[in-house]
Amino acid sequence: MNVILVAAECAPWSKTGGLGDVVGSLPKALARRGHRVMVVTPRYGNYAEAQDTGVRKTYRVNGHDLEVKYFQAFIDGVDFVFIDNPVFHHLERNIYGGSRLDILKRMVLFCKAAVEVPWHVPCGGVCYGDGNLAFIANDWHTALLPVYLKAYYRDHGLMKYTRSVLVIHNIAHQGRGPVDDFFLVDLPEHHIDLFKLYDPIGGDHFNIFAAGLKAADRVVTVSHGYAWELKTSEGGWGLHGIINDNDWKLRGIVNGIDNKDWNPEFDVHLKSDGYTNYSLETLSSGKAKCKAALQKELGLPVDKDVPVIGFIGRLDQQKGVDLIGEAIPWLMGQDVQLVMLGTGRPDLERMLRQFESQHHDKIRGWVGFSVKMAHRITAGADILLMPSRFEPCGLNQLYAMNYGTVPVVHAVGGLRDTVKPFDPFSESGVGWTFNSADSGKLVDALGNCLWTYREYKKSWEGLQRRGMTQDLSWDNAAQQYEEVLLAAKYQW
Ligand code: ADP
């Protein structure tokens, strides 16, 4: 098939979280399965790899005609098409920045232009065309694409054989606004009901995710656990009714990881400053070297016996970083080091800095977005903590396991799917889980983990090795996406 992934972010060019990683790697796995695959994403910066195709098109947004250019690159078997207009420029560090209306206008332009890429932009000299085509849209930012595909084209006998799949990476962000926002998306009035959603607190509002979920031919979310949670009133964030109505087209597929970028054997961030690449064969010496390098780089006492606990993620309510905060008094009574990397809510950023200054010999709170540090912490830490309140899939625990770093996680969504708890009797499992977002539960799980680290070295090594030998690659997930694409095309 011809497959076009459309997303607001795509690593390595733009990334705020897991979505960027997925859009950077799933297409390559689909291409390896023999499909012709393209990614369409905004051109936020001046990307060296991408050439101007010379194609120009104009789209109307909020009464203004905006011209877009299309840049293109062919990398690892995938066509990357970057949509260019000044509204996207210099936003790579602030992709979802600006006012609600600014973001909405950007996404209207992006989706209007993206849906016509298969007609206008030649890749390798030939346009994809709309004959055997499926779009994969991602999250609310591109949820307008399935709506436009239907309302502008398929309802008028165009793009008749083109299908759309919408992937839910995070239901918490939905593109909500007052009902009047409908007039910005430039659709005939009879489509307004697609977007209208009743909220018990605010009454009727405009909701882009709601419209996308209804219009898409299939819906995927990024784990089985999250697919279940989305149908509950707690997990569906107001969209559970629509998700239940469309259950027949929903499927959970756990994300994979990019085995080139996130592989301790080849990781480019482990090639300097005392770090080293390592594999299953060199696990204990390689990891010890990375741990010492991390301690040295961060100015912590270099000590091979003290367990290093890592946290990487957006600093917000979702990631449960405040639960770590509540556990600090207990944690500081232990012989441990804690390394936290994150950016987000100012009060939580302040909290990280404060922990570091209060416990300078034990805590580092790195406020910022650093891909290099994320890789180095994943390699150098012994334990990765993920106390997320909800977690659609979660990639950091997958990366951690691939690096022999043992995860301790709240058992929700994708974390529950991917972290099988350690059972000391059968010597099975890959980490520790706790079953409510509560700092006391976190302390219990982490306490058991630390005890095993100190007292049962053989079990610890078993945990690391089982984590590293799992098949976490994208290949399996890509096969499941292929099944969904085929179902979208042929099963009605
Ligand atoms: P989410 O998509 O909810 O943010 P995921 O666990 O799915 O969470 O993916 C997070 C991705 O973002 C991972 O690749 C992680 O390493 C990266 N990341 C998060 N915060 C930072 C940060 N401060 N610096 C570097 N990378 C980060």
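Bear in mind that the values here come from a model prediction, so they are computed numbers and not experimental data.

Novice: Looking at this model, I keep getting lost on the overall build of the chain. Mind explaining?
Specialist: When helices and strands are tallied, the chain shows 17 helices and 18 strands. Here the C-alpha atoms of the chain give a radius of gyration of 23 Å, agreeing with the 23 Å that 2.2 N^0.38 yields for 492 residues. Based on the C-alpha atoms only, the size of the chain along its principal axes is roughly 70 × 50 × 40 Å. Counting the 492 residues in the chain, one finds 60% classified as buried.

Novice: Would you explain the sheet that holds strand 5 (residues 78–84) in this entry?
Specialist: Two strands in a sheet stick together by hydrogen bonds in their backbones, pointing the same way (parallel) or opposite ways (antiparallel). The 9 strands are arranged 3-4-5-2-1-6-7-11-12 in an open sheet whose pairing can be described as mixed. The sheet is open, and its two borders are formed by strand 3 (51–61) and strand 12 (250–252), each paired with just one other strand. In this sheet, adjacent strand axes meet at a mean angle of 25° when their direction is disregarded. Sheet analysis places strand 4 (residues 64–75) next to strand 5, joined by 7 bridges and oriented antiparallel. The residue of strand 5 that forms the bridge with Lys 69 is Asp 84. Helix 6 (residues 208–215) contacts strand 7 (163–168) and strand 11 (218–221) of the sheet and is inclined by roughly 135° relative to strand 7.

Novice: What exactly am I supposed to notice about the site of the ligand here?
Specialist: Lining the immediate environment of the ligand, one finds 21 residues, of which Gly 18, Asp 21, Arg 314, Lys 319 and Gly 368 sit closest. A distance of 2.6 Å separates an oxygen atom of the ligand from a polar backbone atom of Gly 18. Gly 368 has a polar backbone atom sitting 2.8 Å from a nitrogen atom of the ligand. Taken by itself the ligand offers 560 Å² of open surface, and the protein chains cover 94% of this. Every element with two or more residues in the shell around the ligand is listed here: helix 1 (18–32), strand 13 (308–315), strand 14 (337–344), helix 12 (371–380) and helix 13 (396–402). Counting residues per element, the shell around the ligand draws most heavily on strand 13, at 3 residues. Looking at the shell around the ligand residue by residue, the class counts come to 7 nonpolar, 9 polar and 5 charged. The residues that make up the shell around the ligand include at least three from each of domain 1 (2–256 + 474–490) and domain 2 (268–468).

Novice: Would you mind showing me how to read helix 16 (residues 457–469) here?
Specialist: The periodicity of an α-helix, 3.6 residues per turn, causes residues three or four places apart in sequence to face the same way. For helix 16, with 13 residues, the first-to-last C-alpha span of 18 Å sits near the 18 Å given by 1.5 Å per residue. Buried residues in helix 16 make contact with helix 9 (283–298), strand 16 (383–386), helix 13, strand 17 (406–410), strand 18 (432–434) and helix 15 (439–455).

Novice: Looking at this structure, how should I read the pattern of salt bridges?
Specialist: Any two side chains of opposite charge can pair, on the condition that their charged atoms come close. Applying the stated criterion to the full structure yields 25 salt bridges. Between Lys 260 and Asp 76 there is a salt bridge, with the nearest N and O atoms lying 3.6 Å from each other. Linking Lys 260 in the loop between strand 12 and helix 9 with Asp 76 in the loop between strand 4 and strand 5, this pair joins segments that are 184 residues apart in sequence. Using a relative accessible area of 45% as the deciding quantity, one classes Asp 76 as partly exposed.

Novice: I tried to follow the pairing of strand 10 (residues 203–207) on my own but got confused; where do I start?
Specialist: Strand residues, when the strand is regular, have side chains that alternate between the two faces of the sheet. The element strand 10 is largely enclosed, with a buried count of 4 among its 5 residues. Looking at chain direction, strand 8 (residues 176–177) and strand 10 are connected through 2 bridges and run antiparallel. Paired with Gly 177 across the bridge in strand 10 is Phe 206. The sheet contact formed by strand 9 (residues 196–199) and strand 10 spans 4 bridges and is antiparallel.

Novice: When you look at the sheet that holds strand 10 in this model, what are you seeing that I'm missing?
Specialist: Ordered by their spatial adjacency, 3 strands build an open sheet running 8-10-9, and the pairing between neighbours is antiparallel. Edge positions in the open sheet fall to strand 8 and strand 9, since each of these has one partner strand only. Where helix 6 meets the sheet, it contacts strand 9 and strand 10, and its direction lies at approximately 65° from that of strand 10.

Novice: Help me understand the nonpolar core in this model?
Specialist: Where a protein is soluble and globular, its nonpolar side chains tend to be buried together. Core analysis: the biggest nonpolar cluster contains 107 residues, and Val 40, Tyr 70, Ile 83, Val 185 and Phe 195 have the highest contact counts within it. The dominant element in this core, judged by the number of residues it contributes, is helix 2 (residues 100–115), at 10 residues. Counting 35 residues, the second-largest nonpolar core is a separate cluster that includes Ala 374, Leu 398, Val 409 and Val 412.

Novice: Help me understand the side chain of Thr 162, please; the structure alone is not making it clear to me.
Specialist: With respect to the secondary-structure elements, Thr 162 resides in the loop between helix 4 (144–153) and strand 7. Sequence-distant contacts of Thr 162, defined by excluding residues within four places in its chain, comprise Asp 130, Leu 133, Phe 135, Leu 149, Arg 154 and Asp 217.

Novice: Help me out: how do you make sense of the UniProt feature "domain: Starch synthase catalytic" (unreviewed entry) in the chain in this one?
Specialist: When the UniProt feature table is mapped onto this chain, "domain: Starch synthase catalytic" (unreviewed entry) is found at residues 2–244. Helix makes up 28% of residues 2–244 and strand 28%. Its end C-alpha atoms lie 30 Å apart.

Novice: I would appreciate a short explanation of the environment of Asp 322 in the present structure.
Specialist: Residue position: Asp 322 is located in helix 10 (residues 321–332). With 30 residues separating them in the primary sequence, Asp 322 and Leu 352 have C-alpha atoms 9.9 Å apart. Every residue in contact with Asp 322, bar those within four places of it in the chain, is listed here: Met 351 and Arg 389.

Novice: Looking at this structure, I do not really get the side chain of Ser 388. What am I missing?
Specialist: Inspection of the secondary structure puts Ser 388 in the loop between strand 16 and helix 13. Given the relative accessible area of 1%, Ser 388 is considered buried. Apart from residues lying up to four places away in sequence, Ser 388 is in contact with Gln 318, Lys 319, Gly 320, His 410, Val 412 and Leu 415.

What counts, and at which threshold
- Residues numbered from 1 in each chain as written.
- Predicted model: local features only at pLDDT ≥ 70, side-chain atom pairs only at ≥ 80, totals over all residues.
- Heavy atoms only, no water.
- Helix = DSSP H or I, 4+ residues; strand = E, 2+ residues; numbered from the N terminus.
- Rg over C-alpha atoms; globule rule 2.2 N^0.38 Å.
- Buried < 20%, exposed > 50% of the residue type's maximum accessible area, 1.4 Å probe, protein only.
- Pairing = 2+ DSSP bridges.
- Axes fitted to C-alpha atoms, helices over the stretch in contact; angles between N-to-C directions.
- Contact = heavy atoms within 4.5 Å.
- Near = heavy atom within 4 Å.
- Polar contact = N/O pair within 3.5 Å; in protein donor to acceptor, adjacent residues only side chain to side chain.
- Areas by Shrake-Rupley, 256 points an atom, 1.4 Å probe, with all protein chains shown as cover.
- Nonpolar A, V, L, I, M, F, W, Y, C, P; charged D, E, K, R; others polar.
- Domains from an automatic or database assignment.
- Expected span 1.5 Å × (residues − 1).
- Salt bridge = Lys/Arg side-chain N within 4 Å of Asp/Glu carboxyl O.
- Core = buried A, V, L, I, M, F, W, Y, C linked by side-chain atoms within 4.5 Å.
- UniProt positions renumbered as here; feature names shortened; annotations may be inferred.

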